[in-house]
Amino acid sequence: MNALLAAVRAGRHHDVPPLVLALDRPGRRSALAELKELRKEVRSWDWQRRDRIRKALLVAGAGCHTGAAGCAAWIGGRDLRDWTRSPYPLILTSLKDRDPAWLGDLAHRFAGRSALSDAEYAFVGELVRIARVPIPVTDNLVMGWAELVSTARWRGRTRRPLTDILRDDPHTAVLASRLFEMEELPPQIDFHDVPGSQDHWPGALGALAADGVLDRPHLVERCVTRLMSGGKSVDQRFFLAVLRRLGATEEEERRHLRDWAVMARDGIAPVASHAQQVLVRLDARGELSTRGLAEVSGAVLFRQEKKLVRAQLTLLGKALRRDPSTAGELLLSVAEAFGHEAIDVQERALKLVARYLPAVAAPEVRERLASAAAQLGPLHRETVTALFGGLVEAVPQETYEEFLPPAPVLRHHDPAPETVAELVEEVAARVKSPASEHWALSSGSAHLTSGVTGFERTLDGLVRLARTDREELTKALREALAGVYVIEGGLSPHMVDPRSMSTSHGISVVVASLLGGVSDRDRAQWRSKTTVTGAYACAHAALNGVLLDRVWEAAEAIAAGRAPFLLATPTWHTGAIEAAELVERLRAYRELGVPPGPADFAQALLRVRRGGGPGRAEAAAAAEALGTGEGDRLAAWLRADEPVAPVLRHPATAVSRPSAGNWWQRTTTGARQVLLATRERLVIQREFPEAFHWLGRAQLPHARQCYHWGPERSSHWTATLPEDPEALAAWLMPDLMFAADRGQRGAVGFLPALAESAGEVGGATHLALAYGLGARHPEDRTAAVDALLVLAAGGRLDGASLGRELAILVDRDLVKVNRTADALGTAAATGACRTVLTVLAAMLPGLLAYEKTPRGLSDLLSVAAECAERCGTDGIEPIAGLAATAGRKGSSQTVRQAARLHAAFPDRKDQAVADL
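Residues numbered from 1 in each chain as written. Predicted model: local features only at pLDDT ≥ 70, side-chain atom pairs only at ≥ 80, totals over all residues. Heavy atoms only, no water.

A. Representation of the overall build of the protein in the model. Broken down by element type, the protein carries 50 helices and 2 strands. Expressed as a percentage of its 916 residues, the buried residues of the protein come to 54%. Of all intrachain contacts in the protein linking residues separated by at least 6 positions in sequence, the fraction that spans at least 24 positions is 76%. Carbon and sulfur atoms make up 51% of the accessible area of the protein, which amounts to about 39700 Å² in all. (Helix = DSSP H or I, 4+ residues; strand = E, 2+ residues; numbered from the N terminus. Buried < 20%, exposed > 50% of the residue type's maximum accessible area, 1.4 Å probe, protein only. Contact = heavy atoms within 4.5 Å. Areas by Shrake-Rupley, 256 points an atom, 1.4 Å probe, with all protein chains shown as cover.)

Laid out in structure tokens, this is it:
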């Protein structure tokens with residue numbers, strides 16, 4: 001036993017099996033007790049020592065267990081599984097004196113454990129071979145089998161055919177069948193369903209079924225069952241691909257008729273399409289009844305996929321041509337398509353109804369069809385009236401009401417924690433969970449409260465309580481943050497780099513300084529790097545540098561014990577500070593004889609509300625009456641009432657009219673850019689700390705995609721300049737351009753908070769919003785829609801200006817029309833139809849002027865027509881080019897949707913005049 005333990009401690013795993021086999025049953029039990037103690041001891045070792053003996057400990061423990069259950073639990077222990085080469089051959093050697101029944105029991109128990117790999121599957125396979133028992137079929141074992149098959153395909157220099165690998169495995173028949181019973185397929189079951197290829201899982205299973213290795217009828221039944229029950233899209237596609245390879249017989253198709261109907265109604269698009277094709281074959285063979293066709297058609301025509309809906313209308317047309325007497329039953333199903341959003345679908349359904357309406361004798365059916373047709377838009381009104389005559393009742397015109405979210409209301413910023421326990425809890429949450437600072441696109445600016453103003457609350461609390469309860473605070477922080485790297489190992493360089501820091505890093509800097517983890521030398525060296533200089537200095541690093549300068553100053557103030565609180569702590573959730581409140585804070589500093597921190601006061605000036613009215617004048621007078629330098633600077637700042645950085649308009653103010661066929665042609669990079677410059681603000685360069693100087697310099701447009709930027713580091717930017725959304729939008733415009741043009745993800749996340757800020761919005765904000773609406777990723781477009789609705793709710797959205805900006809970006813090929821249509825359609829779906837129509841009325845003239853129709857224009861026209869039909873066109877100027885587009889020959893979607901929108905305008909003569 002001592003020799004065994006010595007071998008284990010030395011990590012000599014190859015010596016373990018013979019030493020185990022040399023022990024008798026009592027000796028193994030005694031050794032096992034020692035091994036269990038060693039296992040506990042090893043858990044506290046460093047990883048290098050653990051790795052050295054892990055495999056030997058695993059083999060020895062497995063061989064010394066006398067019970068199969070204990071042995072399976074030992075082998076499956078997570079702390080013993082981190083190895084490179086498989087230890088299972090050594091385990092099999094150490095167990096070679098066991099009874100076959102015992103080995104079979106071990107195989108079944110071990111197969112039921114979680115997370116089995118290819119090595120474990122091979123181990124179980126060898127156990128059942130020796131024991132001569134059936135392999136245990138469990139989901140975990142199937143996952144290990146799938147991993148082994150996937151690995152075997154790529155062994156050597158050539159890729160082995162999957163069918164050959166599966167055919168060579170003696171357990172394929174039972175394990176492959178288990179795939180169809182699992183809740184989710186193993187991740188290794190990946191495939192590309194290339195027509196004619198067999199070298200993927202569906203093709204290989206189909207080939208094995210054809211060879212008789214697998215039970216084909218059973219697999220067909222299981223495929224149909226899985227497609228009926230739904231599940232993950234990737235799994236559904238797999239079972240569908242298998243079913244297609246198996247090829248259901250006519251009898252099998254007939255037996256599952258109701259199942260095909262359910263799939264066509266509820267399945268994902270590929271499954272529904274396959275089921276629809278089966279139903280077409282059943283109908284052609286006369287095995288689908290009229291009632292069955294009517295029932296399934298009513299459900300399919302309610303789906304959004306136009307391809308499915310069109311195919312179903314085609315099937316209904318064939319059935320009606322074959323037997324017009326079924327019109328009374330089938331046309332009611334056809335009428336379901338009147339509610340589809342695609343105008344061509346509505347027209348096809350209306351044509352079917354018109355063709356077979358004479359075959360309908362029942363008055364009640366005609367009345368129901370007339371009622372359904374009355375819901376069609378103005379474009380079809382004349383046709384419907386001519387078709388049904390007096391049966392069509394005038395649809396009552398409902399008074400349209402624009403539905404917008406509540407206008408933003410300023411919410412008071414929560415005060416700093418008053419107790420050490422509360423503050424330490426917040427600090428621990430921020431230091432340990434930096435992910436909490438990320439933008440949440442779906443929730444808009446609501447995340448700002450927990451991310452930015454929560455940071456300000458915590459920072460102010462550290463300053464306050466470090467002055468009044470320093471000893472208790474430091475003790476509690478050491479206990480709460482024990483084991484955290486920033487406390488034990490010190491600050492990492494990225495935490496103090498303006499290019500990569502976040503608000504959680506800022507808290508870490510202050511806490512590390514408070515607990516003595518930052519030397520004076522390091523503090524001086526790192527703080528000198530907060531200033532951003534050079535031609536390639538970007539807005540991201542500049543805004544982060546402001547935050548970093550503030551936290552270093554706060555750390556120094558805490559060390560000196562002089563600051564009672566922070567001047568820059570926001571009054572409102574947007575980051576803004578009331579001028580009168582800042583005056584009172586300066587008064588408290590004066591009475592305490594404490595000089596304000598330069599960075600703290602500079603940030604307070606950037607946040608102070610500059611709105612006009614008597615309140616600003618009174619606050620300026622009160623600040624001047626303080627008789628301090630900071631009071632005088634505050635008074636001058638309020639009276640000047642100037643933006644931090646005035647924005648200059650880009651010269652691209654009109655849509656160019658490209659020649660025929662060249663509307664998409666890209667010009668030089670510089671010509672394509674639509675970015676904004678800002679003028680300098682000398683007072684910032686002269687009176688503010690050096691870390692703020694970038695904000696006061698003139699900034700020229702520069703399209704540069706910064707590698708260091710990420711949305712998790714941007715949550716504080718809008719709170720840095722809550723009164724200057726225009727400047728912030730101009731500086732961050734390159735990110736938005738790349739989000740639309742190159743697909744940079746997450747750059748649009750700040751727009752909802754920007755829209756909620758109280759500062760004046762203008763051209764820069766609307767251009768930023770235009771880029772956001774054309775962003776590549778749906779979640780970014782959703783954030784832009786949130787910002788649009790917030791601006792509209794507050795009465796600050798200039799829809800016409802936004803529309804013109806969108807037209808310019810489309811003209812420069814910087815945003816895609818179809819993405820913009822998707823975003824504006826989302827906004828309209830929330831109830832903001834009038835807002836969206838105003839935007840589109842200004843955007844469409846430029847797009848309609850192109851000689852070659854831009855891709856996605858029909859989608860944009862569809863959104864505009866939907867809005868016009870809902871909210872009306874009162875107050876909307878005629879859209880130039882619309883009548884000409886609607887009057888073109890042909891039946892393209894662009895022409896149809898233009899005609900639909902054109903029909904929504906009551907006075908069409910004005911449209912023609914506008915075209916001229």
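B. Spotlight on the layout of surface pockets. Estimates place the volume of the second largest pocket at around 580 Å³. Elements supplying a minimum of two residues to the lining of the second largest pocket: helix 31 (579-592), helix 33 (614-625), strand 1 (647-648), helix 39 (725-731) and helix 42 (763-773). For the lining of the second largest pocket, the element with the highest residue contribution is helix 33, accounting for 4 residues. Its residues assigned to classes, the lining of the second largest pocket shows 14 nonpolar, 6 polar and 12 charged. (1 Å grid on protein atoms, 1.4 Å probe; cavity = no way out; pocket = protein on both sides within 12 Å on 5 of 7 lines; lining within 4 Å. Points joined across faces, edges and corners; volume = space filled by probe spheres on them. Nonpolar A, V, L, I, M, F, W, Y, C, P; charged D, E, K, R; others polar.)

C. Main features of the pattern of salt bridges. Evaluation of the coordinates by the stated rule reveals 49 salt bridges. Residue Glu 184 is joined to Lys 232 by a salt bridge in which the shortest nitrogen-to-oxygen separation is 3.7 Å. With a gap of 48 residues between them, Glu 184 in the loop between helix 11 (172-179) and helix 12 (201-210) and Lys 232 in the loop between helix 13 (216-229) and helix 14 (233-246) connect regions that are remote in the sequence. The class of Glu 184 is partly exposed, set by a relative accessible area of 46%. (Salt bridge = Lys/Arg side-chain N within 4 Å of Asp/Glu carboxyl O.)

D. Main features of helix 14. Look at helix 14: 20 Å from first C-alpha to last across 14 residues, which is about the 20 Å you get at 1.5 Å a residue. Looking at helix 14, one finds that the buried residues are Asp 235, Gln 236, Phe 238, Phe 239, Leu 240, Ala 241, Val 242, Leu 243 and Leu 246. Close packing links the buried residues of helix 14 with helix 11, helix 12, helix 13, helix 16 (257-266) and helix 17 (269-284). In the segment just after helix 14, Gly 247 is the residue with positive phi, at about 70°. (Expected span 1.5 Å × (residues − 1).)

E. Fine view of the packing of helix 24 (residues 420-432) against helix 26 (residues 470-480). Interhelical geometry of helix 24 versus helix 26 gives an angle of 40° and a closest axis separation of 10 Å. Accordingly, the angle class assigned to the pair helix 24 and helix 26 is oblique. When the axes of helix 24 and helix 26 are compared, the crossing they make is right-handed. Residues Val 420, Leu 423, Val 424, Val 427 and Lys 432 of helix 24 touch helix 26, and the partners they reach there are Glu 472, Leu 473, Ala 476, Leu 477 and Ala 480. Here the residues of the contact of helix 24 with helix 26 are counted per class, giving 8 nonpolar, no polar and 2 charged. (Axes fitted to C-alpha atoms, helices over the stretch in contact; angles between N-to-C directions. Parallel < 35°, antiparallel > 145°, perpendicular 65-115°, else oblique. Left-handed = near helix turned anticlockwise from the far one by under 90°.)

F. Structural view of empty space enclosed by the protein. Applying the stated criterion across every chain yields a total of 1 cavity of 30 Å³ or more. Taken as a whole, the largest cavity holds about 30 Å³ of empty space. As for the largest cavity, its lining consists of Phe 455, Glu 456, Leu 547, Arg 550, Gln 603, Arg 607, His 716 and Thr 720. The set of elements that each furnish at least two residues to the lining of the largest cavity consists of helix 25 (446-468), helix 30 (539-560) and helix 32 (598-607). Split by residue class, the lining of the largest cavity holds 2 nonpolar, 3 polar and 3 charged.

G. Representation of helix 5 (residues 68-75) within the structure. Within the sequence span of helix 5, burial applies to Ala 68, Cys 71, Ala 72, Trp 74 and Ile 75. Looking straight down helix 5, one finds its buried side chains confined to an arc of 160°; they lie on one side. (Arc of directions from axis to C-beta.)

H. Local environment of the side chain of His 65. By secondary structure assignment, the location of His 65 is in the loop between helix 4 (47-64) and helix 5. Within polar-contact distance, the side chain of His 65 engages the backbone oxygen of Gly 61 at 2.8 Å. Apart from the residues within four sequence positions on either side, His 65 is in contact with Leu 32, Lys 36, Gly 70, Cys 71, Trp 74, Arg 98 and Trp 102. (Polar contact = N/O pair within 3.5 Å; in protein donor to acceptor, adjacent residues only side chain to side chain.)

I. Highlighting a positive patch on the surface. A contiguous patch of positive charge on the surface is contributed by Lys 318, Arg 321, Arg 348, Lys 351 and Arg 355. Of all elements in the fold, only helix 19 (306-322) and helix 21 (343-356) reach the threshold of two or more residues within the positive patch. Ranked by the residues each element gives to the positive patch, the list is headed by helix 21, at 3 residues. In this fold, Arg 321 is placed in helix 19. For Arg 321, a relative accessible area of 52% translates into the label exposed. (Patch = residues over 30% accessible without salt bridge, like charges linked within 9 Å, V, L, I, M, F, W, Y side chains within 5 Å. Lys, Arg positive; Asp, Glu negative; His and termini not counted. Charge placed at Lys NZ, Arg CZ, Asp CG, Glu CD.)

J. Fine view of the packing of helix 30 against helix 32. Interaxial distance between helix 30 and helix 32 falls to 8 Å at its minimum, and their mutual angle equals 135°. As judged from the angle between their axes, helix 30 and helix 32 are oblique. By crossing handedness, the relation of helix 30 to helix 32 is classed as left-handed. Residues Val 546, Asp 549, Arg 550 and Glu 553 of helix 30 lie in contact with helix 32, whose contacting residues are Pro 598, Ala 599, Asp 600, Gln 603 and Arg 607. Each residue belonging to the contact of helix 30 with helix 32 can be placed in one class, and the counts come to 3 nonpolar, 1 polar and 5 charged.

K. Region of the structure containing unusual backbone geometry. Despite not being glycine, Arg 132 has its phi angle at roughly 55°, a positive value. Topologically, Arg 132 is positioned in the loop between helix 8 (118-131) and helix 9 (139-152). What makes Arg 132 exposed here is its relative accessible area of 78%. In this structure, Asp 641 is a non-glycine residue whose phi angle is positive, near 50°. Mapped onto the elements, Asp 641 comes out in the loop between helix 34 (629-640) and strand 1. Owing to a relative accessible area of 34%, Asp 641 belongs among the partly exposed residues under this scheme.

L. Inspection of the confidence of the model for the protein at higher detail. In this model, the protein carries an average pLDDT of 86, and 90% of its residues clear a pLDDT of 70 or more. Across residues 436-450, confidence stays below pLDDT 50; counting only partners more than four residues off in sequence or on other chains, it has 41 contacts. Below pLDDT 50 for its whole length, residues 908-916 participates in 19 contacts with residues either more than four positions away or in separate chains. (pLDDT = per-residue confidence, 0-100.)

M. Broad picture of the environment of Met 495. On the secondary structure map, Met 495 appears in the loop between helix 27 (485-488) and helix 28 (503-514). When the C-alpha atoms of Met 495 and His 505 are compared, they prove to be 5.3 Å apart, with 10 residues separating the residues in sequence. Contact partners of Met 495, with chain neighbours within four places excluded, come to Val 486, Met 501, His 505, Ser 508, Val 509 and Leu 548.

N. Region of interest: the packing of aromatic side chains. Evaluation of the coordinates by the stated rule reveals 10 aromatic pairs. The interplanar angle of 20° and the centroid separation of 4.7 Å between the aromatic rings of Tyr 88 and Phe 123 together place this pair among those described as stacked. Of this pair, Tyr 88 sits in helix 6 (residues 88-94) while Phe 123 sits in helix 8, and the two are 35 residues apart along the sequence. The pair formed by Tyr 88 and Phe 123 is uniform in burial state, with each residue classed as buried. Taken together, a centroid distance of 5.2 Å and an interplanar angle of 80° make the contact between Phe 565 and Tyr 589 edge-to-face. Highlighted residues: Phe 565 in the loop between helix 30 and helix 31 and Tyr 589 in helix 31, separated in sequence by 24 residues. Assigned by exposure class, Phe 565 and Tyr 589 land together as buried. Grouping aromatic residues by their ring pairs yields a cluster made of Tyr 88, Phe 110 and Phe 123. The ring centre of Trp 102 lies 4.5 Å from the NZ or CZ of Arg 98, which sits over that ring. Sitting over the ring of Trp 637, Arg 681 keeps its end group 4.7 Å from the ring centre. (Phe/Tyr/Trp six-rings, centres within 6.5 Å; stacked < 30°, edge-to-face > 60°. Lys NZ or Arg CZ within 6 Å of the ring centre and 35° of its normal.)

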